[in-house]
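Remarks on the overall topology
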Amino acid sequence: MSAVELATETCDRLERLGPRYNAVASLTRTRALREAATADRALARGGSASTLTGIPYGAKDLLAARGAPTTWGAAPYRKQVLRYDATAVTKLRRAGAVLAAKLAMVELAGGGGYRYPSASLQGPGRNPWDTGRWSGGSSSGSGAAVGAGLVPFALGSETSGSIGTPAAYCGVTGIRPTYGLVSRHGAMALSWTLDKIGPLARTADDCATVLEAIAGPDAKDATVSGKRFRRLAPGTAREAVAAVRVGYAGEEIEVVASAEARGALARGVEELERIAPRFVEARLPDLPYGPMVSTVYIAEGATIFADLIESDRFDEMPDERQKAGLRAALDIRARDYLQAMRLRTVLAQRMRDLFKECDVILSCTRTVTATPIDQALDAAPAPPATPGAPPRGNVGLIPAGNLAGLPAIFFPCGLGTDGLPVGLQLVGPPFSEPLLVAIVEAYQRETGHHALRPSI
Amino acid sequence: MAEDTRPKDDLERLADEARKQLEDNAKALRATKVPIETEPPATYRP
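Below or above, wherever it landed, is the structure these notes cover. (Residues numbered from 1 in each chain as written. Chains lettered and ligands numbered in written order. Predicted model: local features only at pLDDT ≥ 70, side-chain atom pairs only at ≥ 80, totals over all residues. Heavy atoms only, no water.)

A few words now on the overall build of chain A. Of regular secondary structure, chain A possesses 15 helices and 13 strands. Whereas a compact globule of 456 residues would reach a radius of gyration of roughly 23 Å, chain A reaches 20 Å, a difference of no more than 12%. Here the C-alpha coordinates of chain A stretch approximately 65 × 60 × 45 Å along the principal axes. Counting only contacts in chain A whose residues sit at least 6 apart along the sequence, the fraction spanning at least 24 positions is 78%. Charge-centre separation for chain A: the mean point of 51 positive side chains lies 4 Å from the mean point of 46 negative side chains. (Helix = DSSP H or I, 4+ residues; strand = E, 2+ residues; numbered from the N terminus. Rg over C-alpha atoms; globule rule 2.2 N^0.38 Å. Contact = heavy atoms within 4.5 Å. Lys, Arg positive; Asp, Glu negative; His and termini not counted. Charge placed at Lys NZ, Arg CZ, Asp CG, Glu CD.)

Structure below.
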């Protein structure tokens, strides 16, 4: 099959099946065929074509793609067309990948605290395992498109949970890179200090291939570290997985997880322990992660979108809770934002201390399976930690990892009793992506959860 | 505190809840003491 044939088939499939999941923001067929033809010429020449040459993909609609609509999932930006590519898109083009579609997302990446999955210009992200369930957010289309097999991989972004949640709900693998590993040039900013761009794909191997292409220096993003991502050599990876100390608490599965999710999550942990047997008890520092992360991203997001929030166009967005959150956030005190930021400094030091005791931290990605499409996301808020309440383990690993800028890998570990996917996450020190990938590659060689497919 | 009887998606109720959430967050942040020398992560680069 030629790259042009593959691109044509992928675009046809996205056009036919994408609406079933509200996964596609816009097709980029003309561009895809042009890039595919370039890939075919490169393949015909032979030589050193990259692994991604001719491979189609989708990009979250938060990323700029020259000449295509870039709506950020929000009605006020439905006609926005940017004249440049995001750096991640440029790097994938240079690696030979073919952009087939912009993928749906929660409006403005959900920074105001949306109540319903319908908070998106494309409608609620529907899960390929059950279209009556949510695909997760805010990278809703990225999770659904990969989960449904519409594209082999997609780009998503995470401020706090937006790669992990769709990966868990849709049964796919995702990587949240270390803050600063991947350029954010051309990506809608929700939070300058939290946003990360990362891949979603079937396997850790595929995610690593994409990460190799998109990581690295970029003069257009001052927050980029300049570091690159390279996998461990096979022998080094085997030794690293055998020796890795996995920090784990367990209560988040034993106490917090839903009845539907608990069994599959526990079995996933047991499977991982057979592959990486050096488990040690580890718990996150005791800090107010929820107030910290939401104060930071909603303050930064409200500042970024202040002109919109104070304009009539803001009324075009459907989720009233999200809008109320952003309006209120315009009045966050500097004292409180800066206190949240100072606590990030404390967190970073305490995480460095924790990583003296273990090399990675394991937890479930989400404690529940995908929620019904019409269920309010704040319908059953987690009870606050109170003295005397049962311990909740490392249930705060997503906000903690994001606040500390740490990398994570999210991977499926089976199906809950309701037939919906559940997943685990591993978080490591900054720039430990090679180790995280090695562990999950080993896990996926020994298990078949990543190969499960929903009926389409 | 009396239960809010307004509809869940009432705009004034949502606005009140959003402000209260920010206040609750602020209380939690201020209750967590940090050493006086603690600086926020540096992002400014001259």
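That shown, we press on.
Our focus in this paragraph is the packing of helix α6 (residues 204–214) of chain A against helix α15 (residues 433–446) of chain A. Residues and elements named next belong to chain A. The geometry of α6 relative to α15 is characterised by a closest axis approach of 8 Å and an angle of 150° between their N-to-C directions. Here α6 lies roughly antiparallel to α15, going by the angle between them. Of the residues in α15, those touching α6 at A204, D205, A208 and L211 are E433, V437, V440, E441 and Q444. In terms of residue class, the contact of α6 with α15 is made up of 5 nonpolar, 1 polar and 3 charged. (Axes fitted to C-alpha atoms, helices over the stretch in contact; angles between N-to-C directions. Parallel < 35°, antiparallel > 145°, perpendicular 65-115°, else oblique. Nonpolar A, V, L, I, M, F, W, Y, C, P; charged D, E, K, R; others polar.)

Okay, the pairing of strand β8 (residues 196–201) of chain A next. Along β8 of chain A, 6 of the 6 residues are buried, which leaves the element largely enclosed by surrounding structure. Burial along β8 of chain A is two-sided: the face carrying K196, G198 and L200 of chain A and the face carrying I197, P199 and A201 of chain A are both buried. (Buried < 20%, exposed > 50% of the residue type's maximum accessible area, 1.4 Å probe, protein only.)

What follows deals with helix α10 (residues 289–304) of chain A. With 16 residues, α10 of chain A should cover 22 Å at 1.5 Å per step; its first-to-last C-alpha distance of 22 Å lies within 8% of that length. Counting buried residues in α10 of chain A gives 13 out of 16 residues, a clear majority hidden from the surface. (Expected span 1.5 Å × (residues − 1).)

The next point concerns a positive patch on the surface. Together, R34, R66, R93, R94 and K220 of chain A give the surface a local cluster of positive charge. Following the sequence through the fold, R93 of chain A ends up in helix α3 (residues 87–94). (Patch = residues over 30% accessible without salt bridge, like charges linked within 9 Å, V, L, I, M, F, W, Y side chains within 5 Å. Areas by Shrake-Rupley, 256 points an atom, 1.4 Å probe, with all protein chains shown as cover. Salt bridge = Lys/Arg side-chain N within 4 Å of Asp/Glu carboxyl O.)

As a further point, take the interface of chain B and chain A. Contact with chain B, which involves 25 residues of that partner, is made by 33 residues of chain A. Per-residue buried area on chain B facing chain A is highest for L22, L29 and R30 of chain B; these three make up 27% of the total on that side. R333 of chain A is paired through a salt bridge with E23 of chain B; the nearest N and O atoms lie 3.3 Å apart. Our enumeration of links across chain B and chain A arrives at 12 residue pairs in polar contact (both at pLDDT 80 or more). (Buried area = accessible area lost by both parts, 1.4 Å probe. Polar contact = N/O pair within 3.5 Å; in protein donor to acceptor, adjacent residues only side chain to side chain.)

Residue and element names in this part refer to chain A. Within the secondary structure layout, R202 lies in the loop between β8 and α6. Sequence separation between R202 and G226 is 24 residues, and the spatial gap between their C-alpha atoms is 27 Å. With near-sequence residues (within four places) excluded, R202 lies in contact with V146, G147, A148, G149, P152, G171, T173, Q444, H450, L452 and R453. A polar contact is formed between the side chain of R202 and the backbone oxygen of G147, at a distance of 3.1 Å.

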